[in-house]
Each structure stands twice: as structure tokens, then as C-alpha cells.
Number of protein chains: 2
Amino acid sequence: MKSFYGDLKLGILGGGQLGRMLIQQAINYNVTVKVLDPDREAPCRRLCNEFIVGHLNDYDTVYNFGKKVDMLTIEIEKVNVDALEQLEKEGVLVYPQSRIIRLIQDKGLQKQFFKENDIPTAEFQIISSPEDLQQSHIPFPYIQKLRRDGYDGKGVYKIADESYLEGAFTEPSLIERWVDFEKEIAVIVARNDEGEIKAFPMVEMEFNPEANLVEFLISPSTLPFEVQQEAEQIAIRIADTIKIVGLLAVEMFLDKSGRILVNELAPRPHNSGHQSIEGNVVSQFEQHLRAIFNQPLGDTTCLSNAVMVNVLGETGYQGPAIYQGIEKILKCEGVYIHLYGKILTKPFRKMGHVTVVDDDREKAIEKARYVQETLKVIA
Amino acid sequence: MKSFYGDLKLGILGGGQLGRMLIQQAINYNVTVKVLDPDREAPCRRLCNEFIVGHLNDYDTVYNFGKKVDMLTIEIEKVNVDALEQLEKEGVLVYPQSRIIRLIQDKGLQKQFFKENDIPTAEFQIISSPEDLQQSHIPFPYIQKLRRDGYDGKGVYKIADESYLEGAFTEPSLIERWVDFEKEIAVIVARNDEGEIKAFPMVEMEFNPEANLVEFLISPSTLPFEVQQEAEQIAIRIADTIKIVGLLAVEMFLDKSGRILVNELAPRPHNSGHQSIEGNVVSQFEQHLRAIFNQPLGDTTCLSNAVMVNVLGETGYQGPAIYQGIEKILKCEGVYIHLYGKILTKPFRKMGHVTVVDDDREKAIEKARYVQETLKVIA
């Protein structure tokens, strides 16, 4: 069998920041990497052995790309799964497996999977046509989500009362009981082909109640041990049930009554694991490589408190990115900047992230606030 | 002024592993990197914006390469300094400065610099012709070193007694009193253009007395505080005296009477700092970038005990490299593999390194021994 250090060719579907950070780690193992992305200026463009411009949803493009490699992985779910299925039949290793990507691409299937497997999740109803909405058994307010292609808040619509029904999506969707949650939490778990499974310690997201936006990700969580243990067990149970090979990010809500509800899955490295680069013994990227190459999984222990801030394009600016405040931030100790190599900024575009590491959790949060106020991406 | 995150073009002279690890870090700052190296299969070949094949000693090649960038740095000293000097005159930022590379390229000038500046170093004599050797005032045994182009043990000859004189180098050289040393130690220091200076904690090299080879690098040192302080002060004093911009690695001997003697300087990232990637708050590569871009220098504190092992080509094998034992090593916790992407192995070629991190120093050393016995590069 080909070994991953040297002669095995790894293809990545998607050339964004997740692929970029995966490549940064793969360099340490001499992995030969090819990347497919529609954007010729994608963050991975200069860091791989071959960069191919092409559409991830096009059967032929994905199939032909896959025929040039020994193993395929993804950094985005929106890819042509039929091509992946065919490639699997022809002997290409596809991790995560095509059936898992198919499951996760469709939020309806994903929710049904949770239900069938007793994974706790918010009550939901599949909506095939606008008429279904009229007969919903879920009380207002509720959330309507498109079954497909929702991303970063797109494809989600809050229906507060009857008057909102007019603006509802008409495409296949699901509606979900409104969860009045206390915290958003996440666990990233990895599984290799031998069935070894390891979870990263649970992280919490800190909300800005004014902007209703995730401001920081904090690792590890300081929620009660039982909550952390339960969240970890849920994530492990999902990975074990679907027999994924690779990383699985499990986003969850902790509601005000203390119940954990699974929100969404992502079968790949995830924004909620970026702090692991500096904050844990192995990073999520190292762990993903180990999992897909069927190597022993690494130690996920936290080394310190780590707080991650997304660096987003400022509102009001669009065009070639200019970064302000980097020098000020570099004066703080334990602050790690990761820019994603994106040429153009636009409002709320993820242009990078910063991880702050500190033995004192409150100090780490304080520094993270300073980073957020100081580092600006304008044009 | 151009900022380093985005529009500034950095050129690196040399495309080996030091350049490779520098690029891995530079990715985080969106640095545009061009690399010049004579080997079209050099470790940096796939990781930069432009890779140019050409000789580092050729004036025109270096000059033309330098004209395409805003800033030049090196990962090897053996480069054409006249071209660098001309480029400096024409406004290209060259860090380390050409005068420093010129000083360090010549071991004779380097030793004279130590003498003139009261930097403790082994007694020496400049040798211009074979006749000088006959009139040496240094007693046997002594070491003869070529003034130029010595590297990794090449260009060094031990003259134990008169009978060895016949085999002595005839090129310009120096001879040095034999130091019966207790330990080889090193301090890496960084200085930015504003004059800020920071040293990494001192490291020690563990010798294998049988093979007479550095086996491990251990960070931090457990030698007495006064020794560490003195070594650090010597390194800082040198950096401050020559006003280097960038990293300066200072290799020293601690002799059996407890004296520190400076052996050699390297004005760039260095093998004795690789453990800083996982073992210190900032790595030597991050620090070099901060220094040459005149940013605030980072915190050099050790996070843990870190032991570094070089991964060398096995004797008896030459050709396309095959790595054995990686899976076994990945089972150990706190073990970080860095392969350098070299296609061909040969005996003692540096093919990678492994850093072992452990809160318990003895355990870290034990694991490093296991790594050394287990990881083999054959062909």
C-alpha cells in the first residue's frame, strides 16, 4: 500500500482556509497535495503540488480530479457526491465517505438520522411544500432551514408568527422548534479506518447579545463536567454510528433547562477547532490527516486556555484587503495570527483568525476582546 | 511603506528545510515568497509564489533575483555577498545585512571579531600558507578549519600531532586550540531594526560519545542559572554589537573548567532552534519573520521540555527515500514529526526532525531515544 509520507497523492475538494491549514500541517509529512477550487485566487493556490480551477458541483470535474489522486478529502460539503460514489467504486479512497457527505448535505436527512438514532435534537418537521407549513405541528416561533446549501447563516429564516409565513422559503426545507439556548457548544471527534475514535475537549462559543453573533470560541469549556461528558459521548456515538473516517464537528446547543441538542454536523475540519493549532497537543488538522491516513490518532488534551476570534471583513469595505492593527496585536504575548491569503475583503468575510493562549482564562478573553477591537480588515 | 502581510515580496536565498519551515510560518501572514535554489527539487519548490532555479554564488543570479523582491533573507550563508551589497545600495532590504553575512562567511574574520570585541572563544591563529602551520604557537592537539565554505563537519581537520601536518588543508584556514568540552550549548537571539533584542532560552546538545555525534538537542537546559545567563548575555552582546536584523544562532562550548567559548555564528534560523516550533511560545521562524519585518518580537518562554532529534539518512542507503517506523512513533504522545520533502536520501543527509515534548525531562529524552531507534530513512 502507498504510504502517506511520500508517494500517496491526496486531493482536496475546496481550496479555502480549511484546506490551507490542512496543507500547512501536511507539509510535515511530505504529502503530495492537489486542490480543486472554482476560485483561481483561492487561499490554497500557491501551497500545493497542483491547483486545478473547476466547479466542485460538476460531476465530470470532480470525477476527473479524483482519478488523478489516491485519496480524496473535502474542506467543504457542497461537492458532487455522485462523482465521489463512482470514484469509491473505482478504488479511490474518499474520506469522509460519499454516503456521509450525502447525509450531511441534506439537513432533512441529517435530522431524520438524529431521530432514528436517538441523538437529542430540536423537534422538527420536514416541509415539502408551502402547504405543509400551514399544517405545522410546531408552535411559533420556529426556524425554517433549507434542506440544502445553507451556509454561514444563509438559508435560515425565523418565523416568529403567522405574519412571517409569507416570506418563507418555498424550496424543500425543515422547520425546527425555537431553542432558547444558554450556550452554543461543539465537540470535534476523529475516527480512523481501524475504528479508533478520539474527541477534542468541548469548546464553548461566547455570544455578543447585541449583535447576536458568535464572538469568541473558548477552549476548554468551564461548563459542568457532566455536560462536557455528555456532549463528548454524543459526538463519539454519532461518529461511531456513521463510521466516518476523518473529522466530524458536532455543533450543539445547551438549552436553558440543561439539555443538549445537536444542531448540525460537519464532516471535516471546522471553525470551532482552529484554537487546537496552539491550544491542544495535536491540532484538528493533524488529527484529520492521521484519521484519513489510518494512523494512530493523537492526544487531544488542552495545553492551555485558548480563545479564538474570527477576523472578519469590516462592514463598509469591499476590495483588496488591508490589515490594520497587526503590530499592536503582536505586542501581546501568546497571540497567534492566522491570515487566510484572501485577496479581496467584503463585509463579514472570514479573512483570518487569531488565537489567544493564556494560563488565565479571563486574561485570554480580555486579550481576545482587545484583538477584536484592534485588528480591522478594510479595503 | 509596504506591509509584510500582503504587498511586500520576500525573497529567500536557499530553498532547503529552513526556508520550508520559514514559509510554513509565513503563510500565517500572507507573505508573498519567492525562493532561489540551485536544486529544482529543493524542499521549498511547491510552497512559494515563485521558485527560481539558480546558483546562490553567482552575482547576476542573486542580483536579478533580488531586483524582483522588496526584502531578501537567507537560509544558508553561502551566497554572493557582492550582489547583496549592490542590492542594498539600490534600496532592497537585506536581512541579515550583507556585511554580517560577509563577516560570518569567513571563519577567520569571525574569530578576529570575537577577539576584538572580547567575546570568549578558543585561542586561534590565522593560517595563510602551509609554512604558518610549522610556526604555530598553539600546542597539539589542535583543530584546523577552512576559513570558507566549511559545512556540517566538512572543512574541519584535527591535527593530533606533527604526523598529521602532512594531511592539513593548504587553503586559507585557521587553527584553534582543542577544547575539551563538557557540553555544546546554543542560544538563538533575534534583533529587529528598532533594536529590540530577545533571546531564546539556552539549549544543550547531548552527545553520543561512541559516535561522537550530536544526538539530541534538549530545551531548556538544566545547567546552572549563571551559565545560562552568561551564554544569553554573550549572544545578546554579539547581536547588539553587529546590529543584526533577524535571527542569530550562537553555538558555544562549555569547557570542563566551566568557561563558555563561542564556537560559531549563524545569522539565520538554525538546527538548534527547531524544537521552538512546539516547545516555545513563538518559534524561531516566527521570530525571524517578526525581526526582519521590524515587528515586536515574540515571547520566547519555553512551554515544556522539548527534545529534538535529527532524522538522518541511514548509512548504506542512497536513492528515493522511504520512511520506516512513522506509525509506531505516532503512537507516542507529544511527538511531532517534520519531514523536509527531500526526494533522495543519502547517508547522514538531514531528511527531517522530530520534536518530543513532555513535562518530564527524562521521559522526553527516553521517547527521543525511542524515536531515534525506530524512525529510519532507507531507500
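Conventions adopted
Residues numbered from 1 in each chain as written. Chains lettered and ligands numbered in written order. Predicted model: local features only at pLDDT ≥ 70, side-chain atom pairs only at ≥ 80, totals over all residues. Heavy atoms only, no water. UniProt positions renumbered as here; feature names shortened; annotations may be inferred. Helix = DSSP H or I, 4+ residues; strand = E, 2+ residues; numbered from the N terminus. Rg over C-alpha atoms; globule rule 2.2 N^0.38 Å. Buried < 20%, exposed > 50% of the residue type's maximum accessible area, 1.4 Å probe, protein only. Arc of directions from axis to C-beta. Contact = heavy atoms within 4.5 Å. Pairing = 2+ DSSP bridges. Least-squares fit on C-alpha atoms with pLDDT ≥ 70 in both.

In the nomenclature of an unreviewed UniProt entry, chain A is known as N5-carboxyaminoimidazole ribonucleotide synthase of Mucilaginibacter segetis. The Pathway (unreviewed entry) comment attached to chain A in UniProt states, word for word, "Purine metabolism; IMP biosynthesis via de novo pathway; 5-amino-1-(5-phospho-D-ribosyl)imidazole-4-carboxylate from 5-amino-1-(5-phospho-D-ribosyl)imidazole (N5-CAIR route): step 1/2." Recorded in UniProt under Subunit (unreviewed entry), the annotation for chain A is "Homodimer."

Details of the overall build of chain A
In terms of helices and strands, chain A carries 11 helices and 22 strands. In summary, chain A has a C-alpha radius of gyration of 21 Å against a globular reference of 21 Å for 379 residues, a match within 12%. Projected onto its principal axes, the C-alpha coordinates of chain A cover approximately 60 × 55 × 45 Å. Per-residue burial for chain A yields a buried fraction of 59% across its 379 residues.

As for helix α3 (residues 81–89) of chain B
All names here are of chain B. Within the span of α3, buried status applies to Val81, Ala83, Leu84 and Leu87. For α3, the buried positions fall inside an angular range of 155° around the axis, keeping them on one side. Tucked inside the fold, the buried residues of α3 contact β1 (9–13), α2 (59–66), β4 (71–74), β5 (93–94) and α4 (98–105). Following α3 by one or two positions, Gly91 adopts a phi angle in the positive range, close to 100°.

Quick word on the pairing of β4(B)
Residue and element names in this part refer to chain B. Residues of β4 alternate between two faces, with Met71 and Thr73 on one and Leu72 and Ile74 on the opposite face, all of them buried. One ladder, built from four bridges, connects β1 with β4; its direction is parallel. In the sheet register, Leu10 faces β4, and the bridge partner there is Met71. Here β4 pairs with β5 via two bridges, running parallel. Paired with Met71 across the strands is Leu93, a residue of β5.

Regarding the relation of the copies chain A and chain B
Superposition record for chain A on chain B: RMSD 0.0 Å, screw rotation 180°, translation along axis 0.0 Å. Here the two chains are linked by the operation of a two-fold rotation axis. Minimal C-alpha separation from the rotation axis in chain A is found for Leu47(A), amounting to 2.3 Å. A symmetric contact is evident, with 100% of the interface residues of chain A recurring at the interface of chain B.

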